[in-house]
2 protein chains.
Amino acid sequence: MNFLDKLDAAQLKNNSLVCVGLDPDPAKLPKKLSIFQFNKLIIDQTADLVCCYKPQIAFYAASGIQGLADLQKTIIYIKDKYQIPVILDAKRGDIGNTSQMYAKEVFDVFDADAVTVNPYCGFDSMLPFLERKERGVIVICRTSNHGAIDFQDLRVNREPLYLKVGRKILTWSKKYPNIMLEIGSTWPKEIYILRKIAPKIVFLIAGIGAQGGDLKLTLKNGLRDDKKGLIISASRSIIYAQDPRNSAQALRDEINRYR
Amino acid sequence: MNFLDKLDAAQLKNNSLVCVGLDPDPAKLPKKLSIFQFNKLIIDQTADLVCCYKPQIAFYAASGIQGLADLQKTIIYIKDKYQIPVILDAKRGDIGNTSQMYAKEVFDVFDADAVTVNPYCGFDSMLPFLERKERGVIVICRTSNHGAIDFQDLRVNREPLYLKVGRKILTWSKKYPNIMLEIGSTWPKEIYILRKIAPKIVFLIAGIGAQGGDLKLTLKNGLRDDKKGLIISASRSIIYAQDPRNSAQALRDEINRYR
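Rules used in this analysis
Residues numbered from 1 in each chain as written. Chains lettered and ligands numbered in written order. Predicted model: local features only at pLDDT ≥ 70, side-chain atom pairs only at ≥ 80, totals over all residues. Heavy atoms only, no water. Phe/Tyr/Trp six-rings, centres within 6.5 Å; stacked < 30°, edge-to-face > 60°. Buried < 20%, exposed > 50% of the residue type's maximum accessible area, 1.4 Å probe, protein only. Lys NZ or Arg CZ within 6 Å of the ring centre and 35° of its normal. Axes fitted to C-alpha atoms, helices over the stretch in contact; angles between N-to-C directions. Helix = DSSP H or I, 4+ residues; strand = E, 2+ residues; numbered from the N terminus. Parallel < 35°, antiparallel > 145°, perpendicular 65-115°, else oblique. Left-handed = near helix turned anticlockwise from the far one by under 90°. Contact = heavy atoms within 4.5 Å. Pairing = 2+ DSSP bridges. Core = buried A, V, L, I, M, F, W, Y, C linked by side-chain atoms within 4.5 Å. UniProt positions renumbered as here; feature names shortened; annotations may be inferred. Buried area = accessible area lost by both parts, 1.4 Å probe. Salt bridge = Lys/Arg side-chain N within 4 Å of Asp/Glu carboxyl O. Nonpolar A, V, L, I, M, F, W, Y, C, P; charged D, E, K, R; others polar. Least-squares fit on C-alpha atoms with pLDDT ≥ 70 in both. Disulfide = S-S within 2.5 Å. Right-handed = clockwise from strand over helix to strand, strands pointing away.

**Q** When you look at the packing of aromatic side chains in this model, what are you seeing that I'm missing?
**A** Where two aromatic rings form a pair, the distance of their centres and the angle of their planes describe that pair. Inspection of every chain in the model, using the stated rule, returns 14 aromatic pairs over all chains. Where Tyr77(B) meets Tyr82(B), the ring centres are 6.1 Å apart and the plane angle is 80°; that geometry is what we call edge-to-face. With a relative accessible area of 19%, Tyr82(B) lands in the buried category. Aromatic ring contacts, followed pair by pair, group Phe123(A), Trp172(A), Tyr176(A) and Phe151(B) into a single cluster. In this structure, Arg142(A) packs its charged tip against the face of Tyr162(A), placed 5.3 Å from the ring centre. Above the plane of the ring of Trp187(A) lies Arg142(A), whose end atom (NZ or CZ) is 3.8 Å from the centre.

**Q** Please clarify how the packing of helix 4 (residues 64-82) of chain A against helix 4 (residues 64-82) of chain B should be interpreted in this entry.
**A** Viewed as axis vectors pointing N to C, helix 4 of chain A and helix 4 of chain B meet at an angle of 165°, and their least axial separation amounts to 10 Å. Judged on the interaxial angle alone, helix 4 of chain B and helix 4 of chain A are roughly antiparallel. The two elements helix 4 of chain A and helix 4 of chain B meet at a crossing, and its hand is right-handed. Along its contact with helix 4 of chain A, which presents Ile65(A), Leu68(A), Ala69(A) and Gln72(A), the element helix 4 of chain B presents Ile65(B), Leu68(B), Ala69(B) and Gln72(B).

**Q** Would you mind going over the sheet that holds strand 1 (residues 18-22) of chain A with me for this structure?
**A** Two modes of strand pairing occur in sheets, parallel and antiparallel, and in both the strands are linked by backbone hydrogen bonds. All names here are of chain A. Here we have eight strands laid out as an open sheet, ordered 2-1-10-9-8-5-4-3, and parallel in their pairing. The open sheet has two edge strands with one neighbour each: strand 2 (52-55) and strand 3 (87-92). Direction aside, the axes of adjacent strands within the sheet are offset by 30° on average.

**Q** Sorry, what's going on with the nonpolar core here?
**A** Note on soluble globular proteins: their nonpolar side chains tend to be buried together. Phe203(A), Ile231(A), Phe203(B) and Ile231(B) are the most contacted members of the largest nonpolar core, which totals 188 residues. Those residues within four positions of Phe203(A) in sequence are excluded, and the remaining contacts are Leu181(A), Ile183(A), Ile191(A), Leu194(A), Arg195(A), Ala198(A), Gly229(A), Leu230(A) and Ile231(A).

**Q** Help me understand the UniProt feature "domain: Orotidine 5'-phosphate decarboxylase" (unreviewed entry) in chain A, please; the structure alone is not making it clear to me.
**A** The feature "domain: Orotidine 5'-phosphate decarboxylase" (unreviewed entry), as annotated in UniProt, sits at residues 17-251 of chain A in this numbering. Secondary structure content for residues 17-251 of chain A is 46% helix and 20% strand, and the end C-alpha separation is 9 Å.

**Q** Honestly, the interface of chain B and chain A in this entry has me stumped. Any pointers?
**A** Many structure descriptions define interface size as the accessible area lost when the parts assemble. Taken together, the contact between chain B and chain A spans 59 residues of the former and 59 residues of the latter. Between chain B and chain A lies a buried interface of about 4,700 Å² when both sides are counted; carbon and sulfur atoms form 64% of it. On the chain B side of the contact with chain A, Met101(B), Tyr120(B) and Phe151(B) bury the most area, a combined 19% of that side's loss. Note that Lys91(B) and Asp94(A) form a salt bridge whose closest N and O atoms lie 2.8 Å from each other. Residues that form the side of chain B that touches chain A fall into these classes: 29 nonpolar, 17 polar and 13 charged.

**Q** What's the story with the relation of the copies chain B and chain A in this structure? I'm lost.
**A** Comparison of the two chain copies shows a relationship of rotation about an axis with a shift along it. The operation relating chain B to chain A is a screw motion whose rotation component is 180°, with 0.0 Å of axial translation and a residual RMSD of 0.0 Å. What the rotation and shift describe, once combined, is the action of a two-fold rotation axis. In terms of proximity to the rotation axis, the leading residue of chain B is Val156(B), whose C-alpha is 2.4 Å off the axis. Interface residue correspondence from chain B to chain A reaches 100%, placing this contact among same-surface, isologous pairings.

**Q** Can you help me understand the state of the cysteines in this one?
**A** All chains considered together, the criterion is met by zero disulfides over all chains. Cysteine Cys121(A) is unpaired, with the sulfur of Cys141(B) as its nearest cysteine sulfur at 11 Å. For Cys121(A), a relative accessible area of 1% gives the class buried. Cys51(B) takes part in no disulfide bond, and the closest cysteine sulfur, belonging to Cys52(B), lies 4.1 Å away.

**Q** Would you explain the pattern of salt bridges in this entry?
**A** Oppositely charged side chains are able to pair whenever their charged atoms sit close together. All told, the structure shown has 40 salt bridges over all chains when counted by the stated rule. With its nearest N and O atoms 2.7 Å apart, the salt bridge here joins Asp113(B) to Lys6(B). Of this pair, Asp113(B) sits in the loop between helix 5 (96-109) and strand 4 (114-117) while Lys6(B) sits in helix 1 (residues 3-14), and the two are 107 residues apart along the sequence. Taken together, the shared-partner salt bridges in this structure form one network comprising Lys6(A), Lys79(A), Asp108(A), Asp111(A), Asp113(A), Arg132(A), Glu134(A) and Arg135(A).

**Q** I would appreciate a short explanation of the environment of Leu219(B) in the present structure.
**A** Residues and elements named next belong to chain B. By the secondary structure assignment, Leu219 is in helix 10 (residues 215-222). Take Leu219: its relative accessible area is 1%, and that puts it in the buried class. Residues contacting Leu219, with those up to four places away along its chain left out, are Leu230, Ile232, Ile255 and Tyr258.

**Q** Looking at this structure, how should I read the sheet that holds strand 8 (residues 179-184) of chain B?
**A** All names here are of chain B. Taken in spatial order, the eight strands make up an open sheet running 2-1-10-9-8-5-4-3, and their pairing is parallel. The open sheet has two edge strands, strand 2 (52-55) and strand 3 (87-92), and neither has a second partner. Within the sheet, the average angular offset between the axes of one strand and its neighbour, ignoring direction, is 30°. Relative to strand 5 (residues 136-142), strand 4 runs parallel, the two sharing four bridges. Residue pairing for strand 5: Thr116 is matched across the bridge by Ile138.

**Q** How should I be thinking about the pairing of strand 2 of chain B in this particular structure?
**A** Looking along a regular strand, one sees the side chains alternate between the two faces of the sheet. Residue and element names in this part refer to chain B. Burial along strand 2 is two-sided: the face carrying Cys52 and Lys54 and the face carrying Tyr53 and Pro55 are both buried. Looking at chain direction, strand 1 (residues 18-22) and strand 2 are connected through four bridges and run parallel. Bridge pairing in strand 2 links Leu22 to Pro55. Between the parallel pair strand 1 and strand 2, the chain is carried across by helix 2 (residues 35-46), and the sense of this crossover is right-handed.

Below you can see the structure in the form of structure tokens.
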């Protein structure tokens, strides 16, 4: 099964568009838990409420080899026990022969079902990921942070850069249907504009929760006609909640009430 | 000592602007050698000929935990035995709290003296790296690959995007003098334009050797008035050469004849 099929299956089974971001900051974890043990608690509480998980690799790499071993264990655990697809948030991208190596890192070493990539280096930097047709490739387009405006908003022939990126991705999606876009929920107007030009592409939506993204506007502007096409990711607001299961369920239900 | 001071010291001591890119493709290594052992051979043959080394992290991560352990050993070996600074080529960048974690990865876990970062997410995505003032931060501006034209050449008010990126970096360099630019030697005209607007900033030049960059034009267009300001990186053409020492020396001497 390819990534989009796995995602569809999990969305249907759990009736959910929620993605839990597994970004365990070692400074915030209970002292006696390893990163993997912390993740396992979150996963066991939420696996029937989500359509995917999204570990951010930096939160593991910051703990060195041990952290990366915990990432490997986490991904194996999710896929083996729950058959939920995993997006490795890594924002990779480099010249072709280097991106080949990054593709090995995310898809072979860590066996992620999908990855986030950075578009700045252009199409040939994404090709080694895209050629793995059974995996998903999510191109960051309009990021959730304030600094997104520094370059992504620069006007290219009266259109902002992020929209040019979106249009290019749309073109490439004809040949590579495993391509998707990442957009911050902090930019609902931009979600609206991108959905207009790309009515079918799946959007990964970051920034719900701690970053203060607007959920209702995100859904209004981002849902496809089939009431899907979004992966709504929340991290800190779920994994550090007093009751992670409750938080994930509340987010799932709020989304479902809207759609 | 901060990165630029270490770089200056090595450039002076070895009379060299050469950086060897340590990008060991496991498929190309002699069978009995680990990645670290392969690197050690290259380093021992070239340490008196270079101003820095630049391992590309993907080439290690593709071999998983063992590859990353070899990267750690490689960096420790270079710094302890030869006091040569190390650039970790990683092209990192994400929203602030994630970039914090990436900064820990490259500067604490791997103890690199400098890192390459991707500008697409904007200033706040680079800040956690820049705040480590003793380390160097090299922003990719005009990459050496063909796909560089896809976005980096888009016209923003009659100027290409890469030049806008260069101008922003120049502004930020007033407060963060540890910032630098990466430019491909495959684009000598762009090196010329960027040197015009940034007469003092250090440029990391990639793409010499296997990628066919133009060395003479790169030097003509990129050298500062003090005949420095460039880090000329070559990887495959040195590490897979029959005699890596000879190749590194030939490159060093060719550069020095010009300057």
